[in-house]
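Here are the chains, one letter per residue:
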Amino acid sequence: MSAITITEAAQDYLAELLSKQDTPGIGIRIFITQPGTQYAETCIAYCKPGEQKPEDTPVGLKDFTAYIDAISEPFLEDAVVDYATDRMGGQLTIKAPNAKVPMVNEDSPITERINYYLQTEINPGLASHGGQVSLVDVVEDNIAVLRFGGGCQGCGAVELTLKDGVEKTLIERIPELKGVRDVTDHSNRENAYY
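Residues numbered from 1 in each chain as written. Predicted model: local features only at pLDDT ≥ 70, side-chain atom pairs only at ≥ 80, totals over all residues. Heavy atoms only, no water.

Enquirer: I'm lost on the environment of Ile114 in this one. Help?
Expert: Mapping Ile114 onto the fold places it in helix 2 (residues 110-127). Expressed as a C-alpha distance, the spacing of Ile114 and Leu177, which sit 63 residues apart in the sequence, is 9.1 Å. Those residues in contact with Ile114 that lie beyond four places of it in its chain are Leu135, Val138, Ala144, Leu170, Ile174 and Leu177. (Helix = DSSP H or I, 4+ residues; strand = E, 2+ residues; numbered from the N terminus. Contact = heavy atoms within 4.5 Å.)

If you want it as structure tokens, here you go:
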């Protein structure tokens, strides 16, 4: 059984929608666009017979089959598809707490772990200022080279953010990391790193 839960109410609602499609054997396909990033969106689409991909995981439900996209599957761990009714009628809800979470652990390559913490801890805080940070490279001595974009670019507080916020958080999470360096806008400095 897949890690995703589709409640009975959601199954009944989806079965009703599917019954109106006049396509025998039609099911649904669940996938995440851009899984493991802050832009992850969990989607449910109709899936006519033959439209599923060979690597999908079929989940046989009471009235239809749900096909789970193979790449999305780890990110759908603990996901719940539910149908909630209220005064206005009802709506299908999808809660996928791990959709935006890259799967990393202590043994993952350092670049994956840096990207993970950038996505989950650092960028959400910068997003309120329209900024974001991305990893460019990890250079000798485990120094992470980061690029600040959006509202961070050209912001006077970038050095402060870099040292106090980003570097501190990353080094706490990834002890072997020795520091961070910013590549954003060294273009107008004589002593640029490259």
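Still to come is the rest of the account.
Enquirer: What am I meant to see in the sheet that holds strand 3 (residues 41-47) here?
Expert: Working definition: the strands of a sheet are paired by backbone hydrogen bonds and lie parallel or antiparallel to each other. Read from one edge to the other, the open sheet built from four strands follows the order 3-2-5-4, with strand pairing classed as mixed. Because the sheet does not close on itself, it has two edges, and the strands there are strand 3 and strand 4 (57-60). Pairwise comparison of adjacent strand axes, ignoring direction, gives a mean angle of 25 degrees for this sheet. Examined bridge by bridge, strand 2 (residues 27-33) and strand 3 share seven bridges and lie antiparallel to one another. Counted as the bridge partner of Thr33 is Glu41 from strand 3. (Pairing = 2+ DSSP bridges. Axes fitted to C-alpha atoms, helices over the stretch in contact; angles between N-to-C directions.)

Enquirer: For this particular structure, what's the right way to read the packing of aromatic side chains?
Expert: One pair of aromatic rings is described through two measures. These are the centre distance and the angle between the planes. The final tally for this structure, using the stated rule, is two aromatic pairs. Aromatic pair Tyr116 and Tyr117: ring centres 4.9 Å apart, planes at 70 degrees, arrangement edge-to-face. For the pair Tyr116 and Tyr117, one class covers both residues: buried. (Phe/Tyr/Trp six-rings, centres within 6.5 Å; stacked < 30°, edge-to-face > 60°. Buried < 20%, exposed > 50% of the residue type's maximum accessible area, 1.4 Å probe, protein only.)

Enquirer: Help me out: how do you make sense of the pairing of strand 4 in this one?
Expert: Along any regular strand, the residues point their side chains to alternate faces of the sheet. As defined by bridge partners, strand 4 adjoins strand 5 (residues 65-68) across four bridges and the pair is classed as antiparallel. Considered in strand 5, the bridge of Gly60 is made with Thr65. Where strand 4 folds back on strand 5, the antiparallel hairpin that results is connected by four residues.

Enquirer: Would you mind showing me how to read the nonpolar core here?
Expert: It is characteristic of soluble globular proteins that their nonpolar side chains tend to be buried jointly. Ile4, Ile6, Ile28, Ile30, Phe64 and Leu76 are the most contacted members of the largest nonpolar core, which has 23 residues in total. Secondary-structure elements contributing two or more residues to this core are helix 1 (8-19), strand 2, strand 5 and strand 6 (80-86). With four residues, helix 1 is the single largest residue contributor to this core. Membership of the second largest hydrophobic core comes to 19 residues, among which are Tyr117, Leu126, Val138 and Ala144. (Core = buried A, V, L, I, M, F, W, Y, C linked by side-chain atoms within 4.5 Å.)

Enquirer: Where do I start with helix 2 in this structure?
Expert: Because an α-helix packs 3.6 residues into every turn, residues spaced three or four apart end up facing the same way. End to end, helix 2 covers 24 Å across 18 residues, agreeing with the expected 26 Å (1.5 Å per residue, within 8%). At Leu118, helix 2 is bent by approximately 40 degrees, the largest bend along its length. When we look at burial in helix 2, the residues that qualify are Ile110, Arg113, Ile114, Tyr116, Tyr117, Leu118, Ile122, Asn123 and Leu126. (Expected span 1.5 Å × (residues − 1). Bend = angle between axes of the 7 residues up to and from the residue.)

Enquirer: Is there a simple way to explain the pattern of salt bridges in this structure?
Expert: Should their charged atoms come close, side chains of opposite charge can pair. Taken as a whole and assessed by the stated rule, the structure comprises six salt bridges. A salt bridge links Glu16 to Lys20; its shortest N-O distance comes to 3.7 Å. Put simply, Glu172 and Arg173 hold a salt bridge, and the shortest N to O gap is 3.3 Å. On the basis of relative accessible area, Arg173 is assigned to the partly exposed category, the value being 32%. Sharing partners across several salt bridges, the network here consists of Arg29, Asp56 and Asp69. (Salt bridge = Lys/Arg side-chain N within 4 Å of Asp/Glu carboxyl O.)

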